Amino acid sequence: MQQGQIRKALSGFYYVYSDGKTYQTRGRGNFRVKDTTPLVGDFVEFESDNMTEGILKSIAPRKNELVRPPIANIDVGVIVMSATEPDFSTYLLDRFLVYLEGQGMDAIIYVTKIDLLNKEQEKELILHQGEYQSLGYTVLLSDYKTEKKSLDLLLEVIGGKTAVFMGQSGVGKSTLLNQIMPELALQTGEISSSLGRGKHTTRHVELIVVGEALIADTPGFSSVELEEIEEQDLPDLFTEFLANRDDCRFSGCMHLNEPNCRIKELVSSGKIKEYRYEHYLQFLEEIQNRKPKYQKNKK
Ligand SMILES: Nc1nc2c(ncn2[C@@H]2O[C@H](COP(=O)(O)OP(=O)(O)OP(=O)(O)O)[C@@H](O)[C@H]2O)c(=O)[nH]1
Ligand SMILES: [Mg+2]
Ligand SMILES: [Zn+2]
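As the structure is a computational prediction, the values presented were derived from the model and not from experiment.

### A few points about the coordination of the magnesium ion (ligand 2)
Around a metal, the perfect tetrahedron of four donors has angles of 109.5 degrees, and the perfect octahedron of six donors has angles of 90 or 180 degrees. Donor atoms from the polypeptide that coordinate the magnesium ion (ligand 2) comprise Ser174 (OG) and Thr202 (OG1), at 2.0 to 2.1 Å from the metal. Taken together, the positions of serine 174 in helix α5 (residues 173-180) and threonine 202 in the loop between α5 and β12 (206-210) put the pair 28 residues apart, joining distant regions of the chain. Both residues of the pair, serine 174 and threonine 202, belong to the buried class.

In structure tokens:
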């Protein structure tokens, strides 16, 4: 039995990296029985007499797993957002952040296409950068004149960890990886001028060795589901709510109509951004209106 890590999944094949080589393997029916589909990032055992006809035998327990993009055992989620084309959205950003916080994963925010902004738009974006940085997130702006270039900073923050680039189609995930490692020559795609978004150029998830790090390029998607988040867990996924929740009068405060709610006070005084609180209310309503899981299969 050999051991390795799935680094790419494509057309029913799993490409397993083991001891300096990549083996093409297939999962056999036994995974479906256990209801486990192999994911990129999985540590596996496999059998193989040659490089192209391996068979996956077992999957090691996962540290974490994402549905979108489908990947496992990730340390850092890099949320790639464009400043424009498609437009920057704090709503979408907060969804990604809550999603990653719910998985216990670190999040880094990387904003592309700063070069397409006029001075005024750039100022507005820098305000948002400050707001999210004050929440504790690293926010890097492409091409922005920091002392160290944003790309260097990004690689420094990722360090020797396993990271995934995630975000809408057309924001520039593959472009970013090409900037880091031009020899990758990943395919990139123009934005559709009529729709103002990308055309889903990247079709598969792949973990790529970048120096000390492993970084996954992934297909874009328009949003993430908050399906696995329970109502009572949502408040703590907003880091500034978590930091102040002990000052609410009631433990387990949902920051709605409870008396002496510190979070609502901080929203009123402007210390917590109103849009963050509004997104919280929207996500909460969405989770509350979600159908219980067991009803899903019923007609
Ligand atoms: N002006 C400008 N264009 C950029 C920047 N980053 C990416 N682009 C362009 O945006 C388009 C989409 O880039 P991709 O790298 O294909 O985007 P993606 O996120 O990989 O998209 P999918 O693979 O569809 O998910 C391409 O035309 C890129 O050249 C940037 O910082 N500035
Ligand atoms: Mg791409
Ligand atoms: Zn409260």
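### Thoughts on the nonpolar core
By size, the foremost hydrophobic cluster in this structure holds 62 residues, and its most contacted members are Ile71, Ile79, Val111 and Leu234. A total of seven residues in this core trace back to one element, the largest contributor, which is helix α2 (residues 90-102). Once you skip the residues sitting within four places of it in the chain, leucine 234 turns out to touch Val98, Ile229, Tyr280, Phe283, Leu284 and Ile287. Judged by nonpolar contacts, the second largest core, of 19 residues, contains Val80, Ile108, Ile180 and Ile215.

### Topic: the pattern of salt bridges
A complete count under the given rule lists 11 salt bridges for this structure. For lysine 57, the salt bridge goes to glutamate 47, with nearest N and O atoms at 3.8 Å. One end of the pair, lysine 57, is in strand β5 (residues 54-59); the other, glutamate 47, is in strand β4 (residues 43-47), and 10 residues separate them in sequence. Looking at glutamate 47, the relative accessible area reads 41%, which means it is partly exposed.

### A short note on the environment of arginine 26
Note on placement: arginine 26 falls in strand β3 (residues 21-27). For arginine 26, a relative accessible area of 37% corresponds to the partly exposed category. Sequence separation between arginine 26 and lysine 57 is 31 residues, and the spatial gap between their C-alpha atoms is 9.5 Å. Not counting residues up to four positions away in its chain, the partners in contact with arginine 26 are Gly12, Phe13, Tyr14, Gly54, Ile55 and Leu56.

### Some thoughts on the site of ligand 1
Surrounding ligand 1, one finds 20 residues, the nearest of these being Asp115, Ser169, Lys173, Thr175 and Thr202. In the environment of ligand 1, an oxygen atom lies 2.9 Å from a nitrogen or oxygen atom belonging to the backbone of glycine 172. Here ligand 1, which alone exposes 660 Å², has 85% of that area covered by the protein. Partitioned by chemical class, the residues of the shell around ligand 1 number three nonpolar, 13 polar and four charged.

### Observations concerning the domain arrangement of the protein
Domain assignment breaks the protein into domain 1 (2-61), domain 2 (71-217) and domain 3 (231-295). Taking the mean C-alpha position of each, domain 1 and domain 2 sit 28 Å from one another. In this assembly, 12 residues from domain 1 lie in contact with nine residues from domain 2. Both sides together, the interface formed by domain 1 and domain 2 hides about 850 Å², and carbon and sulfur atoms give 58% of it. The largest share of the area that domain 1 buries against domain 2 comes from Arg7, Lys8 and Val40, three residues that together contribute 51% of it. The interface formed by domain 1 and domain 2 holds zero salt bridges in total. In terms of residue count, the dominant contributor to the side of domain 1 that touches domain 2 is strand β1 (residues 2-10) (six residues). For the side of domain 1 that touches domain 2, a count of residues per class yields seven nonpolar, two polar and three charged.

### Digging into the coordination of the zinc ion (ligand 3)
Coordination of the zinc ion (ligand 3) by the protein involves Cys248 (SG), Cys253 (SG), His255 (ND1) and Cys261 (SG), with metal-donor separations of 2.1 to 2.4 Å. In this structure, the zinc ion (ligand 3) is surrounded by four donor atoms whose angles at the metal cover 105 to 115 degrees, and the resulting shape is tetrahedral. In primary sequence terms, the donor set of the zinc ion (ligand 3) follows C-x4-C-x1-H-x5-C. With a relative accessible area of 7%, cysteine 253 lands in the buried category. Overall, cysteine 261 belongs to the buried group, its relative accessible area being 5%.

### Remarks on the packing of aromatic side chains
Applying the stated criterion to the full structure yields 11 aromatic pairs. Pairing phenylalanine 238 with phenylalanine 241 gives two aromatic rings, centres 5.0 Å apart and planes at 20 degrees, and the pair type is stacked. For the pair shown, phenylalanine 238 and phenylalanine 241 are each scored as buried. Between phenylalanine 241 and tyrosine 280, the ring centres sit 5.2 Å apart and the planes meet at 80 degrees, which makes this aromatic pair edge-to-face. Placement of the pair is phenylalanine 241 in helix α6 (residues 239-244) and tyrosine 280 in helix α8 (residues 274-289), with a sequence separation of 39 residues.

Rules and cut-offs
Residues numbered from 1 in each chain as written. Chains lettered and ligands numbered in written order. Predicted model: local features only at pLDDT ≥ 70, side-chain atom pairs only at ≥ 80, totals over all residues. Heavy atoms only, no water. Donors = N, O, S within 2.8 Å, 3.2 Å for Na, K, Ca; no water. Helix = DSSP H or I, 4+ residues; strand = E, 2+ residues; numbered from the N terminus. Buried < 20%, exposed > 50% of the residue type's maximum accessible area, 1.4 Å probe, protein only. Core = buried A, V, L, I, M, F, W, Y, C linked by side-chain atoms within 4.5 Å. Contact = heavy atoms within 4.5 Å. Salt bridge = Lys/Arg side-chain N within 4 Å of Asp/Glu carboxyl O. Near = heavy atom within 4 Å. Polar contact = N/O pair within 3.5 Å; in protein donor to acceptor, adjacent residues only side chain to side chain. Areas by Shrake-Rupley, 256 points an atom, 1.4 Å probe, with all protein chains shown as cover. Nonpolar A, V, L, I, M, F, W, Y, C, P; charged D, E, K, R; others polar. Domains from an automatic or database assignment. Buried area = accessible area lost by both parts, 1.4 Å probe. Tetrahedral: all angles 85-135°; square planar, octahedral: opposite > 155°, others 65-115°. Phe/Tyr/Trp six-rings, centres within 6.5 Å; stacked < 30°, edge-to-face > 60°.

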